[in-house]
Amino acid sequence: MQVVTVGLGERSYPIYIAKGLLSKPEILTQHIKSNDVVVISNATIAELYLEKLQFLREEYNYDEIILPDGEQYKTLASLEIIFDGLIQNNCSRKTTLIALGGGVIGDITGFAAACYQRGINFIQVPTTLLAQVDSSVGGKTAVNHPHAKNMIGAFYQPQAVIADIDVLQTLSKRQYLAGLAEVIKYGCIYDAEFFTWLDINIDEILQCDTRYLITLVQRSCKIKAAIVSQDETEQGLRAILNFGHTFGHALEVFHGYENILHGEAVAEGMMMAAYASQYFGTLSNAESQRIVKLLEKLNYTIRKYSAIDLEKIIQTMLKDKKIEIPGQLRLVLLNKIGDAYIKTVSTEMISDFLSNL
Ligand SMILES: NC(=O)c1ccc[n+]([C@@H]2O[C@H](COP(=O)([O-])OP(=O)(O)OC[C@H]3O[C@@H](n4cnc5c(N)ncnc54)[C@H](O)[C@@H]3O)[C@@H](O)[C@H]2O)c1
Ligand SMILES: [Zn+2]
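Below you will find a few notes about this structure. (Residues numbered from 1 in each chain as written. Chains lettered and ligands numbered in written order. Predicted model: local features only at pLDDT ≥ 70, side-chain atom pairs only at ≥ 80, totals over all residues. Heavy atoms only, no water.)

1. Observations regarding the coordination of the zinc ion (ligand 2)
Next up, step 1: Note on the zinc ion (ligand 2): its protein donors are Glu182 (OE), His245 (NE2) and His262 (NE2). The metal-donor distances range over 2.0 to 2.1 Å.
Next up, step 2: Linear spacing of the donor residues for the zinc ion (ligand 2) on their chain is E-x62-H-x16-H. Placement of His245 in helix 11 (residues 245-255) and of His262 in helix 12 (residues 262-279) is noted, with a sequence separation of 17 residues between them.
Next up, step 3: The class for His245 is buried, based on a relative accessible area of 6%. (Donors = N, O, S within 2.8 Å, 3.2 Å for Na, K, Ca; no water. Helix = DSSP H or I, 4+ residues; strand = E, 2+ residues; numbered from the N terminus. Buried < 20%, exposed > 50% of the residue type's maximum accessible area, 1.4 Å probe, protein only.)

What follows is the structure, given as structure tokens:
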């Protein structure tokens, strides 16, 4: 078993990564500090994996709250369902919530844990690749507002993250590839050696080969943990995790959230960011091509956009919640693979760059 620690002083926690972890009760139970446990999941995942947590039912004062499946349920209404359940069951401040699911369930559960009685323990059991390498680590929790994603939330760290690699076998190819995009991001921004490892082994990785998956999740978590440990609340360094995301978020809005997965938009956004890094005179053509070619192996590409489309995309980028100076965008760019920096650029420059893509 691999264990990566997220080092945050008293709030440090382990990420366990291995095959078959859900069949090892003690991995989970060592982090449950009282008799009350509530599992939060969605209908799809519950059907596949809830029975694996049967031991909780036998050993604890157990309850489960099963939400409908989908990003559209990442809402205050779902939080209310959770709070109703917790109150009906007389859950105390000692209750532990267990998030069994992808990023949607993890984000909702984390935020519910942050709010209920001003904060109770929770454990992440991520079941998508994206959740195992990204959303379950680092303590960003949130729900969506009808007009904006992740607008209502808190920084709140879990007690532990339990990443059972076996659950990835039931994930759709599309979801798997979207998670891989975020993995490639880590290589781009922080670890050239990891990028090369991904590049060399991409065929086996695309086959979902478990031996490679363990390394891939472990190295991704290590990078995210290193970044989060240095900058938990995104005052500086953590922003490099947004590589490809300024473009990506705008692409999600442009294409419509129901038509494009986050990881797909980020993949396209990373290709744009690689070219932008070249445009701004840092990344070499050869390195930018390595990034583009690797993402193309996942069948990602930069789509064709008309001048009108590009204008819409830029206008959306200007509405990003992370903008500090009006009309100026903060882009995460690369000096080289493994070395990111942040540059403030004007709308005119972005417009010029995108129209010359
Ligand atoms: N907190 C963070 O730092 C952070 C980072 C990145 C993304 N996010 C959030 O994560 C969410 C996206 O997460 P996601 O990509 O995991 O999506 P998701 O949670 O919607 O899961 C994707 C789909 O896969 C299904 N699924 C999950 N596990 C499965 C399994 N093992 N087998 C078969 N199907 C399975 C789900 O039911 C769902 O239909 C977004 O809301 C995003 O905002 C948060
Ligand atoms: Zn992302």
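Back to the text.
2. A short note on the pairing of strand 7 (residues 140-145)
Next up, step 1: One ladder, built from 5 bridges, connects strand 7 with strand 8 (residues 148-155); its direction is antiparallel. When the bridges of strand 8 are listed, Ala142 appears paired with Gly153.
Next up, step 2: The loop that links strand 7 with its antiparallel partner strand 8 comprises 2 residues. (Pairing = 2+ DSSP bridges.)

3. With respect to the site of ligand 1
Next up, step 1: Looking at ligand 1, there are 25 residues lining it, with Glu71, Gly103, Thr127, Thr128 and Thr170 nearest.
Next up, step 2: Separating an oxygen atom of ligand 1 from a side-chain N or O atom of Asp69 is a distance of 2.9 Å.
Next up, step 3: The contact in question runs from a nitrogen atom of ligand 1 to an N or O atom on the backbone of Val167, over 3.0 Å.
Next up, step 4: The protein chains hide 86% of the 860 Å² of surface that ligand 1 would expose on its own.
Next up, step 5: It is helix 2 (residues 43-49) that provides the largest number of residues to the shell around ligand 1, a total of 4 residues.
Next up, step 6: Along the lines of polarity and charge, the residues of the shell around ligand 1 split into 7 nonpolar, 10 polar and 8 charged. (Near = heavy atom within 4 Å. Polar contact = N/O pair within 3.5 Å; in protein donor to acceptor, adjacent residues only side chain to side chain. Areas by Shrake-Rupley, 256 points an atom, 1.4 Å probe, with all protein chains shown as cover. Nonpolar A, V, L, I, M, F, W, Y, C, P; charged D, E, K, R; others polar.)

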